Amino acid sequence: YQRRVHGVLDDYYNPRLQRVILFICSEAECKGVPTKRLFPIQLAQRFQAKIIALEHRYYGASQPFGKDSLSLENLKYLTAEQALEDLAYFMKWVHETPEFNVNQGSRWITIGGSYPGALSAWFRYKYPHLTVGALSSSGVVEPIIDFRKFDEQVRISALKSGEWCFQAIKEISAKVEDTLLHDQQGSVDLRKQFNAHGLTNTEFLWFFADIFVELIQYGHRRELCEAIKTNNHAERLDWLSKNYDRVVGPTDYGTYFLANETYVQEKNSRQWMYQQCSQFGWMQTAPYEEAISARSKLIDLDFFRKVCKQAYGEGVWPDIEEFNQQFGELKLKATNLVLTNGDEDPWKWAGILQSRSKDIHAYEIQCDDCAHCVDLSTPTEADSWSLTWTRIKIAYYFTCLLYTSPSPRDRQKSRMPSSA
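Residues numbered from 1 in each chain as written. Predicted model: local features only at pLDDT ≥ 70, side-chain atom pairs only at ≥ 80, totals over all residues. Heavy atoms only, no water.

### A look at the overall build of the protein chain
Across its full length, the protein chain carries 16 helices and nine strands. Relative to the globule expectation of 22 Å for 420 residues, the C-alpha radius of gyration of the protein chain, 22 Å, shows essentially globular dimensions. Considering only C-alpha atoms, the protein chain reaches an extent of 85 × 50 × 35 Å along its principal axes. Out of the 420 residues belonging to the protein chain, those deemed buried represent 58%. Counted over contacts in the protein chain with a minimum sequence separation of 6, partners at least 24 positions apart contribute 74%. Approximately 18,500 Å² of the protein chain is accessible, and the part contributed by carbon and sulfur atoms is 50%. (Helix = DSSP H or I, 4+ residues; strand = E, 2+ residues; numbered from the N terminus. Rg over C-alpha atoms; globule rule 2.2 N^0.38 Å. Buried < 20%, exposed > 50% of the residue type's maximum accessible area, 1.4 Å probe, protein only. Contact = heavy atoms within 4.5 Å. Areas by Shrake-Rupley, 256 points an atom, 1.4 Å probe, with all protein chains shown as cover.)

Written out as structure tokens, the structure reads:
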């Protein structure tokens, strides 16, 4: 099948230097390097490199079985291991395709953010001979089934605005849960207000919790806290109902929708939830301690087991021990790897936060609204020094690698026996 190449940027490419940045697209339809995340393109300009964006299997137009790709039988080939093999095969195909003007001696760097950030790190571990280095931005390299730390970080991040912000989130969430469970007409009105007619009560609570989570995750913490500063519950709900679709959609949270095998190019919820249910977990449940939890206690592992069963059938549940044994989770052994995380990002607790030796360089970036994949965003004069300095270190490190690391062709020659 054809993996879609979306966005080959040759503007800065110097064929004599043979440098390529492979931008690994996210778990969604690929439209090239996002316009709000242009730091990789600045790196391409600095290094005189070609940049290629590659779509992930089963997302967008990259469907191995055409319109039947989303059947349960065919989804079994949607794995991280297969995605890594796709990257390796794609690089070989680029070398063999004259139109790319990339030869066997080229030097490659992979860049990815979030799950593709993990793929970038895992690819560096599994195929170190194919690249000279990798950037894993907010790379979630540790699958975790019961991801309670996620919501703990949501609270810590909200506290940067003040205790009142987190308490407001708790209060809104509690009132919404009470309405769903005890007020039939109010429940109908809530679903109408958030265009969530197809969700059960618990599914709605899952969706509603993620409105706060995703706004903080994607760098809107200050805006969110300011909007819910009012004590008027109706005004709070009005703002949330007008802004949730910037980060989430209700159809991503209902098993009725997740179980639908119909292929729609721009949809990705069935595929991504399948990857969570089958390999990664990352089930975001409420922390044990009531004082630090804003998520409903109904969103527990039993709930997620039911979601996975209803959407994908019996027995679909992640074996993270097998996966972590294969890739090493936080003990990942790779070389020439840079990992970055924003200090407000809840996903950082599935990533590597501390550097280990000269081979793995980890940076936690400090700033207001310093969230998911923040280092990939387009640089501005308003960026914090921590963010700016991290980008400088990334660029310097890759400059060193591109000038000093042997190319794949050189490494192959070094393995050849002497003729003497």
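Back to the write-up after that little detour.
### Considerations on helix α7 (residues 184-193)
Those residues of α7 lying buried are Gly186, Ser187, Leu190 and Arg191. Buried positions in α7, seen along its axis, are confined to an arc of 140 degrees and lie on one side of it. Turned more than 90 degrees off the buried face of α7, the exposed positions are Gln185 and Lys192. As for α7, its buried residues are in contact with α6 (163-182), α8 (201-217) and α10 (233-243). Regarding α7, its N-cap is Asp183, as a side-chain oxygen of that residue lies 3.4 Å from the backbone nitrogen of Gln185 further along. (Arc of directions from axis to C-beta. Polar contact = N/O pair within 3.5 Å; in protein donor to acceptor, adjacent residues only side chain to side chain.)

### Examining the packing of aromatic side chains
Applying the stated rule across the entire model yields 36 aromatic pairs. Centre to centre, the rings of Phe194 and Phe204 are 6.0 Å apart; their planes meet at 85 degrees, and the pair counts as edge-to-face. In this pair, Phe194 sits in the loop between α7 and α8 while Phe204 sits in helix α8, placing the two residues 10 residues apart along the sequence. When sorted by exposure, Phe194 lands in the same class as Phe204, which is buried. (Phe/Tyr/Trp six-rings, centres within 6.5 Å; stacked < 30°, edge-to-face > 60°.)

### Points about the state of the cysteines
A complete count under the given rule lists four disulfides for this structure. Between the sulfur atoms of Cys25 and its disulfide partner Cys30 the distance amounts to 2.1 Å. In this pair, the class of Cys25 matches that of Cys30, namely buried. Across a sulfur-sulfur distance of 2.0 Å, Cys277 and Cys308 are joined as a disulfide pair. Classification of the bridge connecting Cys277 and Cys308 rests on its S-S torsion, roughly -80 degrees, and on that basis the disulfide is left-handed. (Disulfide = S-S within 2.5 Å.)

### Considering the pairing of strand β5 (residues 133-137)
Of all five residues in β5, five are buried, a share of seventy percent or more. Going residue by residue along β5, you find Gly133, Leu135 and Ser137 tucked away on one face and Ala134 and Ser136 tucked away on the opposite face as well. As judged from the five bridges shared by strand β4 (residues 107-113) and β5, these two strands associate in the parallel manner. For Gly112, the partnering residue across the bridge sits in β5 and is Ser136. A crossover connection joins β4 to the parallel β5 through helix α4 (residues 115-126); in handedness this β-α-β unit is right-handed. With four bridges joining them, β5 and strand β8 (residues 337-342) adopt parallel strand pairing. Note that in β8 the partner of Ser136 across the bridge is Leu339. (Pairing = 2+ DSSP bridges. Right-handed = clockwise from strand over helix to strand, strands pointing away.)

### Details of the pattern of salt bridges
This structure, assessed with the given rule, holds 24 salt bridges. Across the pair Arg236 and Glu171 runs a salt bridge, and its minimum N-O distance is 3.1 Å. Here Arg236 is found in helix α10, whereas its partner Glu171 is found in helix α6, with 65 residues between them in sequence. Here Glu344 ties to Arg221 by a salt bridge, and the two come within 2.7 Å at their closest N and O atoms. Note that Glu344 is positioned in the loop between β8 and β9 (360-365) and Arg221 in helix α9 (residues 221-227), a separation of 123 residues in sequence. An identical accessibility class is assigned to Glu344 and Arg221; each is buried. One continuous salt-bridge network, built from bridges that share partners, spans Lys160, Arg221, Arg222, Asp343, Glu344, Asp368 and Asp369. (Salt bridge = Lys/Arg side-chain N within 4 Å of Asp/Glu carboxyl O.)

### So, unusual backbone geometry
The residue Gln48 is not glycine, and still its phi comes out positive at about 55 degrees. As for its position among the elements, Gln48 is in the loop between α1 (39-47) and β3 (50-54). Within the chain, Asp369 stands out as a residue other than glycine whose phi angle is a positive 60 degrees. Its location among the elements puts Asp369 in the loop between β9 and α15 (385-404). For Asp369, a relative accessible area of 14% puts it in the buried group.

### Quick notes on the nonpolar core
In terms of nonpolar packing, the biggest core is built from 100 residues, with Trp122, Phe194, Phe204, Phe207 and Phe208 touching the most fellow members. Leaving out residues up to four positions away in the same chain, Phe204 has contacts with Val176, Leu180, Leu190, Arg191, Phe194, Ala196 and Leu199. The next biggest cluster of nonpolar side chains, apart from the first, holds 26 residues, and it includes Leu43, Ile51, Cys373 and Leu401. (Core = buried A, V, L, I, M, F, W, Y, C linked by side-chain atoms within 4.5 Å.)

No statement about biological role is implied by the geometric values presented.
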